[in-house]
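Take a look at the letters that make up each chain.
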Amino acid sequence: MEISFCVDAGCTWTNPYGEECTRLFTMEPDRLHEGMSESVSRQFREFCGCLGEGLRGIGYYGELPPFHLTSEEDELYMEWIFDGCRFGFDFYEDPVDSGWFVLRKDGNGMHRRHSKFGGSYDEAVKAVTDFLEGHRSR
């Protein structure tokens, strides 16, 4: 399974709880770690590993949209945009500050959920896999 990435080449800021997205450009995946601190890079790699395990665990091998990334030396913001749903993942120099959110739109309006990782990516990965399971069964 290939997970692809788009990287924000500008310095535009996006409200992670809004409906707007940043302007994005592509970048080679092997360059994603350039300029990142070791802590942010480590968290990013660990999260991607857990996410890959979660996707394999539910047998999801379908096509996935690319991650959208904005990176600074001490922060990495990843967003995954599906039809009617956005997941965001923030990785900071201090892992205590790192967290995630999901923003879903349905007939009853917008629903937001956010949390710190708290030393484990399990809750965030479960939110993604639950969404994909529900999305796949339509």
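Our subject in this report is the structure included herewith. Given the structure is predicted, the values throughout are model-derived calculations rather than measurements. (Residues numbered from 1 in each chain as written. Predicted model: local features only at pLDDT ≥ 70, side-chain atom pairs only at ≥ 80, totals over all residues. Heavy atoms only, no water.)

On to the pairing of strand 6 (residues 99–106). Sheet analysis places strand 5 (residues 85–92) next to strand 6, joined by 6 bridges and oriented antiparallel. Paired with C85 across the two strands is R104, which belongs to strand 6. Counted between consecutive antiparallel strands, the loop separating strand 5 from strand 6 contains 6 residues. Relative to strand 7 (residues 109–116), strand 6 runs antiparallel, the two sharing 8 bridges. Bridge assignment links W100 to a residue of strand 7, and that residue is S115. Linking two consecutive strands that pair antiparallel, namely strand 6 and strand 7, is a turn of 2 residues. (Pairing = 2+ DSSP bridges. Helix = DSSP H or I, 4+ residues; strand = E, 2+ residues; numbered from the N terminus.)

Here we come to the side chain of R86. Locating R86 in the fold gives a position in strand 5. What makes R86 buried here is its relative accessible area of 7%. A distance of 2.8 Å separates a polar atom in the side chain of R86 from a polar atom in the side chain of E79. (Buried < 20%, exposed > 50% of the residue type's maximum accessible area, 1.4 Å probe, protein only. Polar contact = N/O pair within 3.5 Å; in protein donor to acceptor, adjacent residues only side chain to side chain.)

Quick look at the pattern of salt bridges now. Counted by the stated rule, this structure contains 5 salt bridges. Note that E79 and R86 form a salt bridge whose closest N and O atoms lie 2.8 Å from each other. R86 matches E79 in its accessibility class, with the two residues each being buried. K126 is paired through a salt bridge with D130; the nearest N and O atoms lie 3.0 Å apart. (Salt bridge = Lys/Arg side-chain N within 4 Å of Asp/Glu carboxyl O.)

Let's shift gears to helix 1 (residues 38–57). Across its 20 residues, helix 1 extends 28 Å between first and last C-alpha, which sits within 8% of the 28 Å expected from 1.5 Å per residue. For helix 1, every residue scored as buried is listed here: S39, V40, S41, Q43, F44, F47, C48, L51, G52, G54 and L55. At the exit of helix 1 stands G59, carrying a positive phi of roughly 70 degrees. (Expected span 1.5 Å × (residues − 1).)

This brings us to the nonpolar core. Within the largest apolar cluster, 29 residues are counted, with the highest numbers of intra-cluster contacts made by F47, M78, W80, F87, F89 and F91. Going through the elements one at a time, helix 1, strand 3 (67–72), strand 4 (75–82), strand 5, strand 6 and helix 2 (122–136) are the ones with two or more residues in this core. With near-sequence residues (within four places) excluded, M78 lies in contact with F44, F47, F67, H68, L69, F87, G88, F89 and F91. (Core = buried A, V, L, I, M, F, W, Y, C linked by side-chain atoms within 4.5 Å. Contact = heavy atoms within 4.5 Å.)

The tally for this structure, following the rule as stated, stands at 12 aromatic pairs. When the centroid spacing of 6.0 Å and the interplanar angle of 45 degrees are considered together, the rings of F47 and F117 count as tilted. Of this pair, F47 sits in helix 1 while F117 sits in the loop between strand 7 and helix 2, placing them 70 residues apart in sequence. Look at F47 and you get buried, because its relative accessible area is 0%. Since its relative accessible area comes to 8%, F117 is described here as buried. Note on F82 and F131: the rings are 5.1 Å apart at their centroids and 65 degrees apart in plane angle, and the pair reads as edge-to-face. One end of the pair, F82, is in strand 4; the other, F131, is in helix 2, and 49 residues separate them in sequence. (Phe/Tyr/Trp six-rings, centres within 6.5 Å; stacked < 30°, edge-to-face > 60°.)

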